[in-house]
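The chain contents come next:
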Amino acid sequence: MNTEKQLYTVSIYTENNIGLLNRISAIFQRRHINIESLNISPSEIDGVAKFTIVVNMTEVNVKKIIGQIEKQVEVIKAYFHTLEEIIYQISGLFKIKSELLFEERQIQNIIKESNARIVTVNKEFFVLEKSGRKEEIAELYDELSVYGIMQYTRSGLIAVTKEEMKISALLKKYNN
Amino acid sequence: METQTISNKEISSKTTQRISGSEAIVRCLIEEDVKIIYGYPGGAIMPVYDELFKYQDKIHHVLTRHEQGATHAAQGFARISGKVGVAIATSGPGATNLITGIADAQIDSTPMVCITGQVASHLLGSDAFQETDIVGISTPVTKWNCQVTKAADIPGALAKAFYIAKSGRPGPVLVDITKDAQFEEFDFLYEKCTKIRSYTPIPKTVAGTLEAAAKMINAAKKPLIVWGQGVVLSAAEEQFKALVEKAGIPAAWTILGASALPTSHPLNVGMLGMHGNYAPNKLTNECDVLIAIGMRFDDRVTGKLDEYATQAKVIHFEIDPAEVDKNVKTDVAVLGDAKVTLKAILPLIDENSHKEWHQEFKDLYKIEYEKVIKDDIHPTKEGLTMGEVIKEINIQSKGEAAIVTDVGQHQMIACRYAEFNKTKSNITSGGLGTMGFGLPAAIGAKMAAPEREVVSISGDGGYQMTIQELGTIFQQKAAVKIVVLNNDFLGMVRQWQQLFFDKRYASTEMINPNFVAIAEGYYIKAKKVTKREELADAVAEMMASKEAYFLEVCVEKEGNVFPMVPSGASVSEIRLE
Ligand SMILES: Cc1ncc(C[n+]2csc(CCOP(=O)(O)OP(=O)(O)O)c2C)c(N)n1
């Protein structure tokens, strides 16, 4: 078993209950595990929420954590995956002074080459959106920061797995 | 959002009745066959108390003297009855006072439902008078909790609470109910909860694991069974005994497993852990197959983990999958309810006796007897020992009493020397080690099993943490026998100071009050014993009493509990002196 720390995504399918975020984050907190990113959204199943949590830890420990998470009454199922086993995206938003768009030709090239999307433009600022891997967003950040970024924010990682997660089948079984 | 829904078909076949949320709470308890609850009133739970007044012929409410006492009493009740214990409290300080008992119940897997009143929902989050976020506070120490702000959600939430508390690996749950929800009227209908989509109380036994375990057990030359409370919680005592006897395997217990197999059983080789017996601790590191049943490899049991039974193949019978491989890596995990899995494995087990291996336990017992036990229970030097008091209680109760202990040296001594002839006879705070547990837990135990002799054994320290519950004993006429082993010290801490802090007794000496006068102040018969010659008669008088009785025994001030596995050491480094 791998005893080195690496990034894992933990995907948790849950009933949509108030307070569950507290319970789940406490599991990580108690063990002094820093959550690198966290996303909670509806899943493909009606009434079922999905947590996507990125953590840096060993395989042995991530397995134990999964056990503790699944123990929570409202957790339907939890999985963990390495980054190679998933397809993921992160989204970054950059707010930049509008004058730069017109005065710095290079910025237009950066936008084009990075496949970033202009979300909105007004007199004062424009907003760029870039989805991709963490490094791609970091690269765009580096390039833009030369010119000055007014605001920058990045989402948590969202992911789907390459392999099928048999969660619907599982739920069907529970319902019967 | 609640997930427990009742299908329309079921609703149409039942009649509903318009009642208030607070009445619904009481009716839910009645539906769950709750007959005794422990609690303390206050503003945010008053509507419920008013209903309890109305329904007092159905539910007996016990007014404890502190909410902590209510939780411990509910725990004592649950531990001896196997049913869910119920505690109620008002919002704010009432609710926070429950937390110690809830945390204790969580780590010791005790089924308990706590109901707390909460400020009206429009005040939530405003730091209103007596508002605390009890759902947030109790989250890490409950199996499940929720807040109800609408009367119509009360039956669903309580049904779920009882189901979760008692199913699978039991535990405490908390339901916080706002005052407006208690006043609101709605159409009451109660349906017991029998399943929750996201919750699997008992995991499926993985195919082949029973066979693999049986094969390993049958091939073992030096097998050792270590059992815990799981055997008691799944009521598997009979199946467990059958397995132990058929396979002829020496079996040792964790503190919460005590009494599942009688002390006198020839294959019972004693207690594991820090102050456990010499043989099972030492031989843990010599067995070839370690069979753990309903226990979770607590660090008090394993000592230094990387030197724990590393030579042995490990089989783990366990209901909670998260416990498997948590501390000790297993070779075969038999998931499921112990009663079911033990029954299923029995036909696969060969008859055996392991005579030579068992002899090794007897040999080590002899060493422990000479070095420790003899002086503990048949002392010749001056000063009463805790051990001889326990021995006297054994004699007078014929080993039939339920022993409820507090936390400290007396707890270890009581567990080491008490004779447990019946299951569910050892009620103690294991995982949390909560001082103050003993006295209120004894009240709950006695009320759950009035036909049993319940003896509470406390130290002078822990006793004073919940001494006010003498008031509850008096008011309830609960005939518990209270023994305080008074060494004028916080004995267990003093022992550590002696052994590991150069005898610097920082803040462990206690100047104690007149305990007899305090008990008598509560109209409880009381006696104090200072000499060996007085002990037997005093214990006899206590046991003969039909009412509650308080006995203070002044024991040697600096007695120590041995054997001992120093913390952080391996179990085979167990010390006899
Ligand atoms: C609530 C709580 N506070 C502190 C402790 C730490 N502690 C463990 S044993 C002990 C001493 C117990 O003394 P006493 O009740 O007199 O019993 P003895 O050890 O003398 O039998 C203490 C302070 C604890 N277990 N629980």
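Residues numbered from 1 in each chain as written. Chains lettered and ligands numbered in written order. Predicted model: local features only at pLDDT ≥ 70, side-chain atom pairs only at ≥ 80, totals over all residues. Heavy atoms only, no water.

**Here we look at the overall build of chain A**
Of the regular secondary structure elements, chain A holds 6 helices and 9 strands. The proportion of buried residues among the 176 residues of chain A is 44%. In chain A, 74% of the contacts between residues at least 6 apart in sequence involve partners at least 24 apart. Surface accessibility of chain A: about 10100 Å² in total, with carbon and sulfur atoms responsible for 47%. (Helix = DSSP H or I, 4+ residues; strand = E, 2+ residues; numbered from the N terminus. Buried < 20%, exposed > 50% of the residue type's maximum accessible area, 1.4 Å probe, protein only. Contact = heavy atoms within 4.5 Å. Areas by Shrake-Rupley, 256 points an atom, 1.4 Å probe, with all protein chains shown as cover.)

**So, the overall build of chain B**
Within chain B, the secondary structure is distributed over 24 helices and 20 strands. The globule rule puts the C-alpha radius of gyration for 577 residues at 25 Å, and the 24 Å found for chain B is close to it. In terms of overall dimensions, chain B has a C-alpha envelope of 70 × 65 × 40 Å along the principal axes. The burial tally for chain B puts 61% of its 577 residues in the buried class. When contacts within chain B are restricted to residue pairs at least 6 apart in sequence, long-range pairs at least 24 apart make up 77% of them. The averaged location of the 71 negative side-chain charges in chain B is 4 Å from the averaged location of its 60 positive side-chain charges. (Rg over C-alpha atoms; globule rule 2.2 N^0.38 Å. Lys, Arg positive; Asp, Glu negative; His and termini not counted. Charge placed at Lys NZ, Arg CZ, Asp CG, Glu CD.)

**Focus on the sheet that holds strand β19 (residues 525–529) of chain B**
Residues and elements named next belong to chain B. In spatial order, the strands read β16-β15-β17-β18-β20-β19; together these 6 strands make up an open sheet with parallel pairing. Here the strands that pair on one side only, and so sit at the sheet edges, are β16 (426–427) and β19. With 5 bridges connecting them, β19 and strand β20 (residues 549–554) associate as parallel partners. Paired with Lys528 across the strands is Glu552, a residue of β20. (Pairing = 2+ DSSP bridges.)

**Comments concerning helix α12 (residues 237–247) of chain B**
Side chains three or four residues apart in an α-helix point the same way, a direct result of the helix having 3.6 residues per turn. Residues and elements named next belong to chain B. Taken together, the buried positions of α12 are occupied by Glu237, Gln239, Phe240, Leu243, Val244 and Ala247. Projected onto a plane normal to the axis of α12, the buried residues spread over an arc of 165 degrees and lie on a single side. Of the surrounding elements, those touching the buried residues of α12 are β9 (223–227), α11 (230–233), β10 (251–253), β12 (289–293) and α15 (338–345). At the C-terminal side of α12, Gly248 shows a positive phi close to 60 degrees. (Arc of directions from axis to C-beta.)

**Thoughts on the pattern of salt bridges**
Inspection of every chain in the model, using the stated rule, returns 33 salt bridges over all chains. Between Arg532 of chain B and Glu388 of chain B there is a salt bridge, with its nearest N and O atoms 2.8 Å apart. One end of the pair, Arg532 of chain B, is in helix α24 (residues 532–544); the other, Glu388 of chain B, is in helix α17 (residues 386–397), with 144 residues separating them in the sequence. We classify Arg532 of chain B as partly exposed; its relative accessible area is 27%. The residue Lys557 of chain B makes a salt bridge to Glu509 of chain B at a minimum N-O spacing of 3.8 Å. On the criterion of sequence distance, the pair formed by Lys557 of chain B in the segment after β20 and Glu509 of chain B in the loop between α22 (491–500) and α23 (515–521) is long-range, its members being 48 residues apart. The partly exposed category is assigned to Lys557 of chain B, whose relative accessible area is 38%. In this structure Glu509 of chain B comes out as exposed when scored by relative accessible area, which is 53%. The network of salt bridges with shared partners includes Lys71 of chain A together with Arg169, Asp320, Glu323 and Lys326 of chain B. (Salt bridge = Lys/Arg side-chain N within 4 Å of Asp/Glu carboxyl O.)

**Points about a negative patch on the surface**
Side chains of Glu84, Glu85, Glu163 and Glu164 of chain A sit close together on the surface and give a patch of like negative charge. Position of Glu85 of chain A among the secondary structure elements: in the loop between β4 (75–82) and β5 (86–97). (Patch = residues over 30% accessible without salt bridge, like charges linked within 9 Å, V, L, I, M, F, W, Y side chains within 5 Å.)

**Focus on the interface of chain B and chain A**
Between chain B and chain A, the contact holds 22 residues from the first and 19 residues from the second. Between chain B and chain A, roughly 1900 Å² of surface is buried when both sides are summed, and carbon and sulfur atoms account for 46% of that area. Counting the contacts that link chain B with chain A gives 3 salt bridges. Where Lys160 of chain B meets Glu74 of chain A, a salt bridge forms, and the shortest distance between an N and an O atom there is 3.9 Å. Inspection of the chain B/chain A interface yields 8 residue pairs in polar contact (both at pLDDT 80 or more). Listed by contribution, the elements that provide at least two residues to the side of chain B that touches chain A are β6 (144–148) and α8 (154–166) of chain B. Split into classes, the residues belonging to the side of chain B that touches chain A amount to 6 nonpolar, 7 polar and 9 charged. (Buried area = accessible area lost by both parts, 1.4 Å probe. Polar contact = N/O pair within 3.5 Å; in protein donor to acceptor, adjacent residues only side chain to side chain. Nonpolar A, V, L, I, M, F, W, Y, C, P; charged D, E, K, R; others polar.)

**A look at α17 of chain B**
Residues and elements named next belong to chain B. Over its 12 residues, α17 runs 17 Å from end to end, which matches the ideal 16 Å to within 8%, given 1.5 Å per residue. In terms of residue burial, α17 counts as a mostly covered element, since 9 of its 12 residues are buried. Taken residue by residue, α17 has Met386, Gly387, Glu388, Val389, Ile390, Glu392, Ile393, Asn394 and Ser397 as its buried positions. (Expected span 1.5 Å × (residues − 1).)

**Considering the packing of aromatic side chains**
Residue and element names in this part refer to chain B. With the rule as written, the count across this model stands at 16 aromatic pairs over all chains. Taking the centre distance of 4.9 Å and the plane angle of 55 degrees together, the rings of Trp227 and Phe240 count as tilted. With a gap of 13 residues between them, Trp227 in strand β9 and Phe240 in helix α12 connect regions that are remote in the sequence. Judged on exposure class, the residue Trp227 and its partner Phe240 are both buried. Between Phe474 and Tyr523 the ring centres are 5.0 Å apart and the planes differ by 40 degrees, which places this aromatic pair in the tilted class. Taken together, the residues Phe474 in helix α21 (residues 470–476) and Tyr523 in the loop between α23 and β19 connect sequence positions 49 residues apart. (Phe/Tyr/Trp six-rings, centres within 6.5 Å; stacked < 30°, edge-to-face > 60°.)

**Thoughts on the sheet that holds β4 of chain A**
Residues and elements named next belong to chain A. Strand order in the open sheet formed by 4 strands is β2-β3-β1-β4, and the pairing between neighbours is antiparallel. Each of the sheet's edge strands pairs with one partner strand only, and the pair in question is β2 (35–42) and β4. Looking at each pair of strands side by side, their axes are set apart by 15 degrees on average, direction ignored. Set on the sheet, helix α1 (residues 20–30) makes contact with β1 (6–15), β2, β3 (48–57) and β4; between it and β3 the angle comes to about 15 degrees. Packing against the sheet, helix α2 (residues 59–70) makes contact with β1, β3 and β4, and its axis sits at approximately 165 degrees to β4. (Axes fitted to C-alpha atoms, helices over the stretch in contact; angles between N-to-C directions.)

**Structural notes on the site of the ligand**
All names here are of chain B. Surveying the vicinity of the ligand reveals 18 residues, the closest of which are Gln409, His410, Gly433, Gly462 and Gly491. One nitrogen or oxygen atom from the main chain of Gly433 is found 2.8 Å from a nitrogen atom belonging to the ligand. Within the contact set of the ligand, an oxygen atom lies 2.7 Å away from a backbone nitrogen or oxygen of Gly462. Considered on its own, the ligand offers 590 Å² of accessible surface; in the complex 77% of this is hidden by protein. Counting residues per element, the ones that place at least two in the shell around the ligand are α18 (409–417), α20 (460–463) and α22. Per-class residue counts for the shell around the ligand are 8 nonpolar, 9 polar and 1 charged. (Near = heavy atom within 4 Å.)

**Here's the deal with a nonpolar patch on the surface**
All names here are of chain A. A cluster of nonpolar side chains, contributed by Leu21, Leu38 and Ile40, occupies part of the molecular surface with about 230 Å² of accessible area. Locating Leu21 in the fold gives a position in helix α1. Using a relative accessible area of 39% as the deciding quantity, one classes Leu21 as partly exposed.

**Some thoughts on unusual backbone geometry**
Residues and elements named next belong to chain B. In this structure, the amide linkage connecting Phe562 to the following residue, Pro563, adopts the cis form with an omega of 0 degrees. Along the chain, the position of Pro563 falls in the segment after β20. Positive phi values are uncommon outside glycine, yet Lys503 reaches one of about 60 degrees. On the secondary structure map, Lys503 appears in the loop between α22 and α23.

**Re the confidence of the model for chain B**
All names here are of chain B. Mean pLDDT for chain B: 96, with 98% of residues reaching 70 or above. Contacts of residues 1–12 to residues separated by more than four positions or lying in other chains number 17 contacts, the stretch itself having pLDDT below 50. Quick note on the complex model: pTM equals 0.95, ipTM equals 0.90. (pLDDT = per-residue confidence, 0-100.)

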